[in-house]
Amino acid sequence: QVQLVESGGDSVQAGGSLRLSCAFSGSTDFTYCMAWFRQTPGKERERVAAQYTGTGSTYYADSVKGRFTIYREYANATEYLQMNRLKPEDTGTYYCAALETGSSLTCRRSLPATDFDYWGHGTQVTVSS
């Protein structure tokens, strides 16, 4: 069974930085698309970043490209989201999600949130101007 636990959310001023962590518990014999989503009131849940664990390839939404970095610490199976130059529009609840897959194409595609099988409970990020 796969379990995901997020941490690192906080309240920061615009221009600041945060690093979110997603602790992964489950079988590392499989490969996954690991993703970070954010939920903003009044908007659809948005996939902001993803990484395929089989190759390390990463993918980003245009809204965060150049500011956010997703990376995996393979030794402890933790997926991180480094967020720099934060903007008020980055405010939201951030969720870690996982989908078992043997192909990086799954991560490359802009998949709906419902395609992901495993979810954490979320961590709140608030960016004030």
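In the block above lies the structure referred to throughout.
Residues numbered from 1 in each chain as written. Predicted model: local features only at pLDDT ≥ 70, side-chain atom pairs only at ≥ 80, totals over all residues. Heavy atoms only, no water.

Asks: How would you sum up the overall build of the chain? Please name residues and give values.
Replies: Helix and strand counts for the chain stand at one helix and 11 strands. The secondary structure elements of the chain, listed N-terminal to C-terminal, are β-β-β-β-β-β-β-β-β-α-β-β. For the chain, whose C-alpha radius of gyration is 14 Å, the value lies close to the compact-globule estimate of 14 Å for 129 residues. Along the longest, intermediate and shortest principal axes, the C-alpha atoms of the chain span 45 × 25 × 25 Å. Each of the 129 residues in the chain was classed as buried or not, and the buried ones make up 43%. Sequence-distant contacts in the chain: of pairs separated by 6 or more residues, those separated by 24 or more amount to 58%. Summing over all exposed atoms, the chain offers an accessible surface of approximately 6,600 Å²; the carbon and sulfur share of this is 45%. Within the chain, one finds 12 positive and 13 negative side-chain charges whose respective centroids are separated by 7 Å. (Helix = DSSP H or I, 4+ residues; strand = E, 2+ residues; numbered from the N terminus. Rg over C-alpha atoms; globule rule 2.2 N^0.38 Å. Buried < 20%, exposed > 50% of the residue type's maximum accessible area, 1.4 Å probe, protein only. Contact = heavy atoms within 4.5 Å. Areas by Shrake-Rupley, 256 points an atom, 1.4 Å probe, with all protein chains shown as cover. Lys, Arg positive; Asp, Glu negative; His and termini not counted. Charge placed at Lys NZ, Arg CZ, Asp CG, Glu CD.)

Asks: Residues and numbers for the pairing of strand 4 (residues 32-39), please.
Replies: Along strand 4, seven of the eight residues are buried, which leaves the element largely enclosed by surrounding structure. Direction of pairing for strand 4 relative to strand 9 (residues 92-100): antiparallel, over a ladder of eight bridges. Bridge pairing links Phe37 to Tyr95 in strand 9. In this antiparallel pair of consecutive strands, strand 4 and strand 5 (residues 46-52), the connection spans six residues, and Gly42 shows a positive phi of 85 degrees. (Pairing = 2+ DSSP bridges.)

Asks: Outline the sheet that holds strand 3 (residues 18-25), listing residues and values.
Replies: Spatially, the four strands line up as an open sheet ordered 1-3-8-7, and their pairing is antiparallel. Since the sheet does not close on itself, it has two edges, and those belong to strand 1 (3-7) and strand 7 (68-73), each with one partner. Neighbour to neighbour, the strand axes of the sheet diverge by 15 degrees on average, direction disregarded. (Axes fitted to C-alpha atoms, helices over the stretch in contact; angles between N-to-C directions.)

Asks: Summarise the pattern of salt bridges; cite the residues concerned and give the values.
Replies: Considering all chains together, one arrives at five salt bridges under this definition. A salt bridge links Asp90 to Arg38; the shortest N-O distance between them is 2.8 Å. Of this pair, Asp90 sits in the loop between strand 8 (78-83) and strand 9 while Arg38 is found in strand 4, placing the two residues 52 residues apart along the sequence. A single burial state applies to Asp90 and to Arg38, both of which are buried. With its nearest N and O atoms 2.9 Å apart, the salt bridge here joins Glu79 to Arg72. (Salt bridge = Lys/Arg side-chain N within 4 Å of Asp/Glu carboxyl O.)

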